[in-house]
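# Secondary and tertiary structure notes
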Amino acid sequence: MSFKRLTLFSLFAISVFWGGDVSAQSRNRLYMQYIDTYKDLAISHQKKYKIPASITLAQGLLESGAGRGTLARKSNNHFGIKCHNKWTGARVYHDDDAKGECFRKYKHPKDSYEDHSLFLTRNMRYAQLFELKSTDYKGWARGLQRCGYATDKAYASKLIQIIELYDLYRYDRKGRSSQDVPELPVGYKPHQVYRSSGLYYIEVRVGDNLKNIGKEFGISVKKLCSYNEIPKDYPLDPGMVIYLEKKNKKADKAYTRHIVSAGESMHDISQIYGIRMKYLYKMNHKDKDYVPSEGDVLILR
């Protein structure tokens, strides 16, 4: 199976780790400056404390207003951590959920970053988060909200939005310790990861196999097969899309119909638009014996 027809799909793809950026026009310059200032610190903390660098940066950006908020400017507190009972350091008072609440004060922002990491690692409330992979920023964001880090009901969504808009997940890979790095063949080059329809995917290269792709991204072959609806011995053709997460139930709003080209299968179409096959069949009122013919029009959402 060939995916030479992926020009439409790739046109809207966002390169995640080392590729181009089509969303730069919506990025805040102050946020970019903050990320550039603190990314190395966040990466070093991931190596030391196992907290995703993306989460640390996103929380710092959100809680401190990219370092421009009153609490950050007056007390170097970049994570909105309140005094609590055990805090014996300097303090400052600031209106938050209530008037004049006590917040921790630091000599330098790096002290705030250190205290943030210790606050999460030493507080049993957050212990469950450390069972997640350091690349699971969505799980961490939702877990922080669930564990009560902030009262904002949209807290997790805001963190995820920041991480994805500023590609902060790329720093999670840099923060992986040597023990986390999989053993891959000598000369193996990491794949460029793209994003489209809200899904991460790679394009197969000559010589690729599911075992090495799985090792690279910490995903089992079984899951890769499930995500892409293929058997484990399925031949991988160069240019073929391999999703790194479960496909969607329907296509993006931009795609409502697909005209079948000669030789296209339902699987081909499901991969192009990131739709699970059972939903593609269901939307078009077809059973699994249906074989699309050239010129057929299929509903995508």
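Reading guide: rules and limits
- Residues numbered from 1 in each chain as written.
- Predicted model: local features only at pLDDT ≥ 70, side-chain atom pairs only at ≥ 80, totals over all residues.
- Heavy atoms only, no water.
- Buried < 20%, exposed > 50% of the residue type's maximum accessible area, 1.4 Å probe, protein only.
- Helix = DSSP H or I, 4+ residues; strand = E, 2+ residues; numbered from the N terminus.
- Pairing = 2+ DSSP bridges.
- Contact = heavy atoms within 4.5 Å.
- Polar contact = N/O pair within 3.5 Å; in protein donor to acceptor, adjacent residues only side chain to side chain.
- Phe/Tyr/Trp six-rings, centres within 6.5 Å; stacked < 30°, edge-to-face > 60°.
- Lys NZ or Arg CZ within 6 Å of the ring centre and 35° of its normal.

Right, let's get into the pairing of strand E3 (residues 101-104). Neither face of E3 is open: one carries Glu101 and Phe103, the other Cys102 and Arg104, and all of them are buried. Pairing of strand E2 (residues 91-94) with E3, which is carried by four bridges, proceeds in the antiparallel orientation. Paired with tyrosine 93 across the strands is cysteine 102, a residue of E3.

Take the environment of aspartate 208 next. By secondary structure assignment, the location of aspartate 208 is in the loop between strand E5 (199-203) and helix H9 (210-217). Classification of aspartate 208 as buried rests on a relative accessible area of 13%. In this structure the C-alpha to C-alpha distance between aspartate 208 and proline 238, which are 30 residues apart in sequence, comes to 8.1 Å. If we ignore the near neighbours within four places in the chain, the residues touching aspartate 208 are His191, Glu203, Ile213 and Leu236. Of the polar contacts made by the side chain of aspartate 208, one reaches the backbone nitrogen of arginine 205; its length is 2.6 Å.

What follows is about the packing of aromatic side chains. The full count for this structure, using the stated rule, is 15 aromatic pairs. Aromatic side chains tyrosine 137 and tyrosine 169 sit 5.7 Å apart centroid to centroid with 35° between the ring planes, which places their arrangement in the tilted category. On the criterion of sequence distance, the pair formed by tyrosine 137 in helix H6 (residues 137-146) and tyrosine 169 in the loop between helix H7 (155-165) and helix H8 (170-174) is long-range, its members being 32 residues apart. Here tyrosine 169 falls in the buried class, since its relative accessible area comes to 5%. Pairwise contacts between aromatic rings join Tyr34, Tyr38, Phe79 and Tyr113 into one cluster. Positioned above the aromatic ring of tyrosine 290, the side-chain terminus of lysine 286 is 4.7 Å from the ring centre.

None of this, on its own, says anything about what the molecule does.
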